Amino acid sequence: MAAGKASLVALGLQFCVKNKLLSKSALPGIVSCIKKGLATSVLSQTVEVPSATISPSGSFAGPLEHYNSLIQDGQLGEDLQQRAVLEKLDQMQKDLRGYSNERSTLFSKFFSKRKPPKGYYIYGDVGTGKTMVMDMFYDHVETAKKKRVHFHGFMLDVHKRIHRLKQSLPKRKVGKMAKAYDPIAPVAEEISEEACLLCFDEFQVTDIADAMILKQLFENLFLNGVVVVATSNRPPDDLYKNGLQRVNFVPFIAVLKEYCQTLRLDSGIDYRRRNRPAAGKLFYLSSEPDVDATLDKLFDEMAFKQNDITRPRSLKVHGRILTLAKACGTIADCTFEELCDRPIGASDYLEISAVFDTVLIRNIPLLTLNKKTQARRFITLIDALYEHKVRVVLQAEAPLDDLFVHEHHGDHDHHDTHVLLDDLGISRDAASSLAIFTGEEEVFAFQRTVSRLTEMQTEEYWVAGDRSSK
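Let me sum up the structure you'll find in this document.

Reading the values: rules and limits
- Residues numbered from 1 in each chain as written.
- Predicted model: local features only at pLDDT ≥ 70, side-chain atom pairs only at ≥ 80, totals over all residues.
- Heavy atoms only, no water.
- Phe/Tyr/Trp six-rings, centres within 6.5 Å; stacked < 30°, edge-to-face > 60°.
- Helix = DSSP H or I, 4+ residues; strand = E, 2+ residues; numbered from the N terminus.
- Buried < 20%, exposed > 50% of the residue type's maximum accessible area, 1.4 Å probe, protein only.
- Lys NZ or Arg CZ within 6 Å of the ring centre and 35° of its normal.
- Axes fitted to C-alpha atoms, helices over the stretch in contact; angles between N-to-C directions.
- Parallel < 35°, antiparallel > 145°, perpendicular 65-115°, else oblique.
- Left-handed = near helix turned anticlockwise from the far one by under 90°.
- Contact = heavy atoms within 4.5 Å.
- Pairing = 2+ DSSP bridges.

Points about the packing of aromatic side chains
Right, so step 1: Summed over the entire model, instances satisfying the criterion amount to 19 aromatic pairs.
Right, so step 2: With 5.4 Å between their ring centres and 35° between their planes, F404 and F446 make a pair best called tilted. Taken together, the residues F404 in the loop between β11 (391–396) and α15 (411–424) and F446 in helix α18 (residues 440–455) connect sequence positions 42 residues apart. Each member of the pair F404 and F446 is classed as buried.
Right, so step 3: One aromatic cluster is present, built from ring pairs that chain together Y121, F151, F154, F200, F203, F218, F222, Y240, F249, F252 and Y259.
Right, so step 4: Directly above the aromatic system of Y284 lies the positively charged group of K281, at a separation of 4.7 Å from the ring centroid.

Describing the packing of helix α9 (residues 214–223) against helix α10 (residues 250–259)
Right, so step 1: The geometry of α9 relative to α10 is characterised by a closest axis approach of 8 Å and an angle of 20° between their N-to-C directions. As far as their axial angle goes, α10 and α9 are roughly parallel. Once α9 is placed against α10, the crossing between them reads as left-handed. Residues L214, K215, F218, E219, F222 and L223 of α9 form the contact with α10, whose participating residues are P251, F252, V255 and Y259.

Digging into unusual backbone geometry
Phi is mostly negative for residues that are not glycine, and the peptide bonds are mostly trans.
Right, so step 1: One non-glycine residue, N363, lies in positive phi territory at about 60°.
Right, so step 2: Positionally, N363 belongs in strand β10 (residues 358–364).
Right, so step 3: Residue class for N363 comes out partly exposed when judged on its relative accessible area of 43%.
Right, so step 4: Here the phi dihedral of K389 falls at roughly 60°; this positive angle occurs in a residue that is not glycine.
Right, so step 5: Locating K389 in the fold gives a position in the loop between α14 (372–387) and β11.

Regarding the sheet that holds strand β6 (residues 283–285)
Right, so step 1: Strand order in the open sheet formed by 6 strands is β6-β11-β10-β9-β8-β7, with mixed pairing between adjacent strands. Each edge of the open sheet carries a strand with a single partner, namely β6 and β7 (311–317). Each strand of the sheet is rotated relative to its neighbour by a mean of 30°, with strand direction disregarded.
Right, so step 2: With 2 bridges connecting them, strand β8 (residues 320–328) and strand β9 (residues 331–335) associate as antiparallel partners. Paired with C328 across the two strands is I331, which belongs to β9.
Right, so step 3: Sheet strands in contact with helix α11 (residues 291–303) are β6, β8, β9, β10 and β11, and its direction is about 170° off that of β10.

Shown next, in the form of structure tokens:
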């Protein structure tokens, strides 16, 4: 394979996904009556047209033919593992033609209902092209009822839907017990009416709130005829590894394996880190002389092209205000403390990604286990920026590969951990294997972050992120 060939990942179809899956405001019973009038508008707002980094899908019969064309044109190098996965996805694209998970009508009950094809769970190391092959498949699937979302964003939307349905319940009368209500099945039904195909990027479970509902949620999605294709860095059996109350999560793995075939895509090559033209100097060490003045000048040069003045910027995120201290037009100049050292999360980062096309992040510290919370936010931030092709300029204490330091806690943190263990009723021995205390999940996820940040410094990525001409 020629080193000069473009990255498989960068050439993959990139989809700009909205902040959330848009939901219908009525309860499931009402939804089923009006779904025909709403389905088209909901879906049209959820998935946008992919960027034209590779040829349009209309000229190819399927993803495999598209892949072969890119190889013949010299845009990609042959990768047998990618080809093997695409052969499976190509057949699935054909199997999905004409498929629908619409509910049976009185007339259709006289005919046998078509069984949904099994989905795929594609896993492998970072940068091997998992997202590219899934997006190529997604673009060629001939149905309007499809969604392609980052898994973390999907789960945020699920929790919002659950909250909305609970809020819509009648208030409990004084002196009477409230009736038990389980909103997960109705939420799954809502999503099923919006899509018969769900494609998830970065299927990763780190939140106990997600872990506890996944079995019931996906069981209902599958029973409603939803087909799932997902990419992940972990095999199914390693999902939520060493997580709190994992014994309650394990049954989900069996459900996932029942409805999705597992495919491994791991050629051992991180294509994001192949030698490719850089976009210039976009990464600065804090130890470099006059680094603050250099970044100030860089910001001023970019801000000069904006039709705006440099000022604080307030963004509205689900009814609350997120304020950034310094911005100009589509350029934001932020500190690590501003973005990762206060209680904000994925919804805030998605809003930043929608508003700004370039973000400067200054003063990134060494991310030790003492800063696990900040490290998680940083990982989530970079995922959101990468997903939306936002360009970044970084200033950090250490090179990317040395930024996350896996070291033991100090005495003060030991005390805080012991207090938490006592509150949770967890023994010291049991805690030693839990990911929440060892930082194992952060170390694993940070490999993906470093890979993505490496690609984000290339000229190809920087040009693709320019929204001025769009």
